[in-house]
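# Overview (structure and organization)
Here are the chains, one letter per residue:
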Amino acid sequence: MVRRASLPVVAAVAVLMLAGCGDNTPAKATGSPAASSPAAGAGASGAASPLPALKPGEVRVAGQVDKPYTVTLASLRGLPQVSVEVEYTSAKGQQKHTYQGVLLHDVLKDAQPRFDASKKNGQLRGVVAATGGGDYRAVFAWAELDPGFAKSQVLLAVSEDGKPFDDAAGPRLVVPQDSKGGRYVSELNQLWVGTVDAAVDGTGGASGAGS
Ligand SMILES: Nc1nc2c(c(=O)[nH]1)N[C@H]1C(S)=C(S)[C@@H](COP(=O)(O)O)O[C@H]1N2
Ligand SMILES: [Mo]
């Protein structure tokens, strides 16, 4: 069963199955070291100040934050663990798994995102871009990850069905509220936190990967 997470997944799966599979992505890359991803060393804009290279299995937590840092499966295993049973559909069909890991929100807030406290609900302008193996990337709104807003909790999983992920592969995102597996980013290597303000206001785009 589920601890610290409520899961309206079954009903959502039924609805989404009616909508069909919207996949237009190439096959999932497996076994590619995180450090080989083009994203691993590139800034958010792809141009200025490339970020330092990552070792396989390292996940960079950076962006518009005061305390960028890296996590690994080993460091995640040392944090309070949550277990969650989920269902989602993928190209392989209906999936049902139990994942164990750490709340993504806990990992992100340790980096101290620079949300604008002078704006009402400044954190609701926040976004998180998760990059995995093969430069696969998916975006979350901060409110989807914040227990103060969201009903279910996104995990940085360290194991699937009791089997630990390979240290060199790194963790996997687990998104209980999603009925499709697209945001279950595997071989995670980067978490970028920032706000949409610069892009929306036309004052520089959503940059700040290394700042
Ligand atoms: N790194 C990475 N993660 C990924 C993908 C990918 O291509 N690369 N594909 C996603 C998609 S589209 C789906 S449906 C699920 C598939 O998860 P499964 O292997 O558990 O079925 O992984 C997701 N995570
Ligand atoms: Mo997918």
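The paragraphs below set out a description of the structure included in this document. (Residues numbered from 1 in each chain as written. Chains lettered and ligands numbered in written order. Predicted model: local features only at pLDDT ≥ 70, side-chain atom pairs only at ≥ 80, totals over all residues. Heavy atoms only, no water.)

### Digging into the site of ligand 1
Among the 15 residues in the neighbourhood of ligand 1, the closest are listed as Tyr88, Ser90, Lys92, Arg172 and Tyr184. Summarising the interface, the protein chains cover 94% of the accessible area of ligand 1, which totals 530 Å² for the free molecule. Grouping the constituent residues of the shell around ligand 1 by class yields four nonpolar, seven polar and four charged. (Near = heavy atom within 4 Å. Areas by Shrake-Rupley, 256 points an atom, 1.4 Å probe, with all protein chains shown as cover. Nonpolar A, V, L, I, M, F, W, Y, C, P; charged D, E, K, R; others polar.)

### Some details on the sheet that holds strand 1 (residues 59-63)
With respect to topology, five strands assemble into an open sheet ordered 2-1-10-5-6, the strand pairing being mixed. For this open sheet the edge positions go to strand 2 (69-71) and strand 6 (136-141), each flanked by a neighbour on one side alone. On average, each strand axis in the sheet is tilted by 20° relative to the strand beside it, whichever way the strands run. As defined by bridge partners, strand 1 adjoins strand 10 (residues 190-195) across four bridges and the pair is classed as parallel. Looking across to strand 10, one finds that Val61 is bridged to Leu191. (Pairing = 2+ DSSP bridges. Helix = DSSP H or I, 4+ residues; strand = E, 2+ residues; numbered from the N terminus. Axes fitted to C-alpha atoms, helices over the stretch in contact; angles between N-to-C directions.)

### Describing the pattern of salt bridges
On inspection of all chains with the given rule, the structure shows 10 salt bridges. The closest approach of N and O atoms between Glu144 and Arg183, which form a salt bridge, is 2.7 Å. On the criterion of sequence distance, the pair formed by Glu144 in helix 4 (residues 142-145) and Arg183 in the loop between strand 9 (172-174) and strand 10 is long-range, its members being 39 residues apart. Assessed through its relative accessible area of 18%, Arg183 is described here as buried. What emerges from the salt-bridge pattern is a single network uniting Glu144, Asp178 and Arg183. (Salt bridge = Lys/Arg side-chain N within 4 Å of Asp/Glu carboxyl O. Buried < 20%, exposed > 50% of the residue type's maximum accessible area, 1.4 Å probe, protein only.)

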